[in-house]
Amino acid sequence: MCCDIKRRFLLLYATQKGQAKAIAEEIWQQAGVHGFEADMHCISEMDKYNLETEKDPVVIVISTTGTGDPPDTARKFVKKIRDRTLPPDYFAHLQYGLLGLGDSEYTFFCNGGKTVDRCLQELGAHRFYDTGLADDSVGLELVVDPWIDGLWLALKEAFLLRKEKEDMSSNVNAVSSSLPAAPYVVHELNLSSEVQNLKLEDEGARSSDVLSQTSVDINLKPSTRDTEPSLVHSVPPVSQSALNIPALPPEYIEVQFEDALGENPHLSSLISEGAAFEVPITKAVQLTREDAIKTALLLELDIAETVFDYQPGDAFCITCPNNANEVEELLQILGLSEKGEHFVRVKVKQGTKKKGAAHPQHIPERCTLRFILTWCLEIRAIPKKAFLRALVECTSDGGEQRRLQELCSRQGASEYTRFIRDCNVCLLDLLHAFPSCKPSLNLLIEHLPKLQARYYSVSSSNLYQPGKLCFVFNIVEFPACPTRPVSRRGVCTGWLADLVTPLLHPKRSATDTKGGRPSTEKISIFARPNNTFRLPADPSVPFIMVGPGTGISPFIGFLQHRQKLREEHTDWEFGETWLFFGCRHKDRDYLFKQLRCFLENGTLTHLKVCFSRDSSTAEVAPPKYVQDVIRLHAKDVARVLLKERGYFYVCGDKKHMADGVSDAVVDILSMEMEVDRLEAMKLLATLREAKRYLQDVWS
Ligand code: FAD
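The structure displayed is predicted, hence computed values, not measured ones.

## Thoughts on the sheet that holds strand β24 (residues 693–698)
One open sheet accounts for 5 strands, arranged β22-β21-β20-β23-β24; its pairing is parallel. This sheet does not close on itself; its edge strands, each paired only once, are β22 (606–611) and β24. In this sheet, adjacent strand axes meet at a mean angle of 10° when their direction is disregarded. Docked against the sheet, helix α16 (residues 553–568) engages β20 (543–546), β21 (577–583) and β23 (647–653), running at close to 145° with respect to β20. Across the face of the sheet, helix α20 (residues 654–673) comes into contact with β20, β23 and β24 while running at roughly 155° to β23.

Here's what the structure looks like:
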């Protein structure tokens, strides 16, 4: 095979938050070293490629968003390949490898990738390489890195097979063979354990025929005193290994400071998802007692002066800033304290080697430095390995350089997971731990992701409280730990909590503001309707709601709505309603004691409550968690779901609660239908598909 002619393959990415794009760019970059040329496009740029006539292998990197949907950029593509009128051999000529990105804590893990994979298979396309499914909940890199390593050999094999086929057909002078290229099975890629990952890495290293990484020699002797590794300290074998580190990502951003004054862009210009509204916070209530483990707040927004509308069950988004102290600290470390209010012009660097380098959409062309660090960049994001690699170049101390190299190397993969990913280390933590690291502003813009707006479920009904929107949240707290000596609060919930202090403690604030009235703060919100998490269209259909902790939030909206409908339509028939609620302590965090009112006026037929941390003197201990209470009502749950074709809604914590609840439902279905667990799981899947088992869960 001729080595100086680069073999082309088509590389498509479908990204929602930029991860799939970043991985595609990594593939694009490595391709050259391996003798390939990646023709890279966003999957939405359908005028730039044509799968119907594509002869070269196709590599697709695709993420998942919402409830198992492909990214917005892939919608048109998916619609096209889902077309039922296409013949089953439509893509018989096509060879592809697909890498799906997802989060296994969500129900429809990697569904964006799985959907595209399935459609391509149904249309006759052949996999030249096993599909990889990377899981963000344990670290995308556990699958992504070995998948990329194996890709080169699989591509080589695919080209060889193609050539053999071409040679054969020209020799025999026969019609082209209909044999599909045998998929090159590289690894079982859907991994979750680190052990498997390490094994894979060994294999990957053996199978990879071209070294894309730089080898770094050992330059640090391990200290005999410290035998335990930490974020800043390594021990053998990592400290003594030659390292395979990723290639240095090319810089592509240029920033210029300007003296001229001006105004920062409006926050609404940062939102591409639709119209943004500035609305005042009119009420704040602390729903938990001071001694509760978590603090839950209810905020009321006045939306009367806007066209913002919602249905119970919808979520909406809040645009939030980074913590002002952290921004200040970052400015100081960057040596830019004096320049916070200076205007910055952000441009793509001329002659950059980065493929498809473009102005990041979340950064205005011109705004102040403080605006960028406050509103545009997720400064708390966990730094990716490519960012660590780039930081090595801005670090002057040799020991610190080596440790950063280790953390982004193949040999340090498990330490990256342990000391960075699992500890939620952010850029500031790194800059404190590695004081000689002084990154430039352009590096931050290149590597920090967009500061995402936060979602909240609406906790009110526009029928019940016209012109108002309520929502409930826990103030997220991250305690201090060895890698982070300071405790922190969640970006959005910490900010909101500070913002509403005057409303929560008017007396205290009045003294602070010398007797003045607390000001009405405004926040910027935009809609994110949820078209499935809705009350049944037919009010006579019964439904069950499961919402422990702040998961109760959308159900307050459901119940308010239902109460109003009952008042307005006395002749309608209304189905039975069940609510399962749970919290830690009856006295401290029972968020909505007024649930009793819904019960008394008949809006709620059954209210079942449990308290996980209250001690009991009863002979038989009461159930602790909502899933335990649900099991106690197995017959009713089965009746509502199976006989009466009712709905089942689950809202709240996805890690601990949602799986426990679906397990309980599977057990109930299995018991009541007298079928084994597998059959019961299939039944639950059918209910999910019919949108009668609905989840709105978050971490
Ligand atoms: P962030 O700063 O974003 O931190 C959030 C998470 O990041 C933590 O939970 C943790 O997993 C991780 N993390 C970050 N830094 C650290 C660290 N140093 N140590 C440990 N972990 C860390 N929330 C509600 O309270 N009420 C709702 O009604 C609600 N509805 C939602 C609806 C939807 C559809 C979705 C997707 C989410 C919903 N959420 C809701 C969650 C909400 O969007 C936010 O994620 C949550 O409020 C935390 O935001 P934050 O900015 O304060 O926290």
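Next, the rest of the story.
## Comments concerning unusual backbone geometry
A cis amide bond links Pro236 to the next residue, Pro237, at an omega of 5°. Within the secondary structure, Pro237 is located in the loop between β7 (214–216) and β8 (243–245). The residue Cys110 is not glycine, and still its phi comes out positive at about 55°. By the element assignment, Cys110 lies in the loop between β4 (95–102) and α3 (111–122). You can call Cys110 buried: its relative accessible area is 1%. A positive phi angle, close to 50°, is found at Asn424, a residue other than glycine. Mapped onto the fold, Asn424 is located in the loop between α10 (413–421) and α11 (427–433). For Asn424, a relative accessible area of 48% gives the class partly exposed.

## Details of the packing of helix α8 (residues 385–392) against helix α9 (residues 398–408)
Closest axis-to-axis distance for the α8/α9 pair is 9 Å, and the angle between their directions is 160°. Taken together, α8 and α9 sit at an angle that is classed as roughly antiparallel. Pair α8 / α9 crosses with left-handed handedness. Residues Lys385, Leu388, Arg389, Leu391 and Val392 of α8 form the contact with α9, whose own contacting residues are Gln401, Leu404, Gln405, Leu407 and Cys408. Here the residues of the contact of α8 with α9 are counted per class, giving 6 nonpolar, 2 polar and 2 charged.

## Thoughts on the confidence of the model for the chain
Taken over all residues, the pLDDT of the chain has a mean of 86, while the share at 70 or more is 89%. Long-range and interchain partners of residues 174–225, a stretch whose pLDDT sits below 50, account for 97 contacts in this model, where long-range means more than four residues apart.

## Re the sheet that holds strand β14 (residues 366–368)
Taken in spatial order, the 3 strands line up as β9-β13-β14 in an open sheet, and their pairing is antiparallel. Edge strands, defined here as strands with exactly one partner in the open sheet, are β9 (253–258) and β14. For this sheet, the mean inter-axis angle between neighbouring strands, taken without regard to orientation, is 35°. Examined bridge by bridge, strand β13 (residues 343–348) and β14 share 3 bridges and lie antiparallel to one another. Bridged to Arg345 within β14 is Arg366. In the packing of helix α7 (residues 369–376) onto the sheet, contacts are made with β9, β13 and β14, and the angle to β14 comes to roughly 90°.

## Section: α7
Among the 8 residues that make up α7, 6 are buried, leaving the element largely enclosed by the rest of the structure. When α7 is considered as a whole, its buried residues turn out to be Leu369, Phe371, Ile372, Leu373, Thr374 and Cys376.

## Observations concerning the nonpolar core
One finds Ile372, Leu388 and Leu391 to be the most contacted residues of the largest nonpolar core, which totals 48 residues. For Leu388, the contacting residues outside a window of four places in its chain are Pro383, Leu404, Leu407, Cys408, Tyr416, Ile420 and Leu430. Residues Ala38, Cys42, Val59 and Ala158 belong to the second largest nonpolar core, which totals 30 residues.

## A closer look at the environment of Arg488
Structurally, Arg488 is set in strand β18 (residues 488–489). Distance in space between the C-alpha atoms of Arg488 and Val476 is 8.5 Å, their sequence separation being 12 residues. Those residues within four positions of Arg488 in sequence are excluded, and the remaining contacts are Glu326, Arg380, Cys426, Leu428, Asp429, Val476, Glu477 and Phe478. Polar side-chain contacts of Arg488 include one of 2.8 Å to the side chain of Asp429.

## Digging into the packing of aromatic side chains
The geometry of an aromatic ring pair comes down to the distance between the two centres and the angle between the two planes. Using the criterion set out here, one finds 24 aromatic pairs in the structure. Taken together, a centroid distance of 6.0 Å and an interplanar angle of 35° make the contact between Phe533 and Phe555 tilted. In this pair, Phe533 sits in the loop between β19 (522–528) and β20 while Phe555 sits in helix α16, placing the two residues 22 residues apart along the sequence. Taken together through their ring pairs, the aromatic side chains of Phe533, Phe543, Phe555, Phe558, Tyr647 and Tyr649 make up a single cluster.

## Quick notes on the pattern of salt bridges
Overall, the coordinates contain 41 salt bridges when judged by the stated rule. A salt bridge links Asp145 to Lys385; its shortest N-O distance comes to 3.6 Å. Of the two residues, Asp145 is situated in helix α4 (residues 141–172) and Lys385 in helix α8; the sequence distance between them amounts to 240 residues. With relative accessibility at 26%, the residue Asp145 sits in the partly exposed group. Residues Arg418 and Glu228 are paired through a salt bridge, measuring 3.9 Å at the closest nitrogen-oxygen approach. Here Arg418, found in helix α10, pairs with Glu228, found in the loop between β7 and β8; they are 190 residues apart in sequence, far enough to count as distant. Salt bridges sharing common partners tie together Arg8, Asp39, Glu54, Asp56 and Arg162.

## Overview of the site of the ligand
Every one of the 18 residues lining the ligand counts as a neighbour, but Arg454, Tyr455, Tyr456, Cys492 and Thr493 are closest to it. Between the ligand and Thr493 there is a distance of 2.6 Å, counted from an oxygen atom to a side-chain nitrogen or oxygen. Within the side chain of Trp698, a nitrogen or oxygen atom sits 3.3 Å from a nitrogen atom of the ligand. Burial of the ligand by the surrounding chains reaches 78%, relative to a free accessible area of 980 Å². The set of elements that each furnish at least two residues to the shell around the ligand consists of β15 (454–457), β16 (468–474), α13 (491–499) and β24. A per-element tally of the shell around the ligand places β15 first, with 4 residues. Along the lines of polarity and charge, the residues of the shell around the ligand split into 9 nonpolar, 5 polar and 4 charged.

What counts and what doesn't
- Residues numbered from 1 in each chain as written.
- Predicted model: local features only at pLDDT ≥ 70, side-chain atom pairs only at ≥ 80, totals over all residues.
- Heavy atoms only, no water.
- Pairing = 2+ DSSP bridges.
- Helix = DSSP H or I, 4+ residues; strand = E, 2+ residues; numbered from the N terminus.
- Axes fitted to C-alpha atoms, helices over the stretch in contact; angles between N-to-C directions.
- Contact = heavy atoms within 4.5 Å.
- Buried < 20%, exposed > 50% of the residue type's maximum accessible area, 1.4 Å probe, protein only.
- Parallel < 35°, antiparallel > 145°, perpendicular 65-115°, else oblique.
- Left-handed = near helix turned anticlockwise from the far one by under 90°.
- Nonpolar A, V, L, I, M, F, W, Y, C, P; charged D, E, K, R; others polar.
- pLDDT = per-residue confidence, 0-100.
- Core = buried A, V, L, I, M, F, W, Y, C linked by side-chain atoms within 4.5 Å.
- Polar contact = N/O pair within 3.5 Å; in protein donor to acceptor, adjacent residues only side chain to side chain.
- Phe/Tyr/Trp six-rings, centres within 6.5 Å; stacked < 30°, edge-to-face > 60°.
- Salt bridge = Lys/Arg side-chain N within 4 Å of Asp/Glu carboxyl O.
- Near = heavy atom within 4 Å.
- Areas by Shrake-Rupley, 256 points an atom, 1.4 Å probe, with all protein chains shown as cover.

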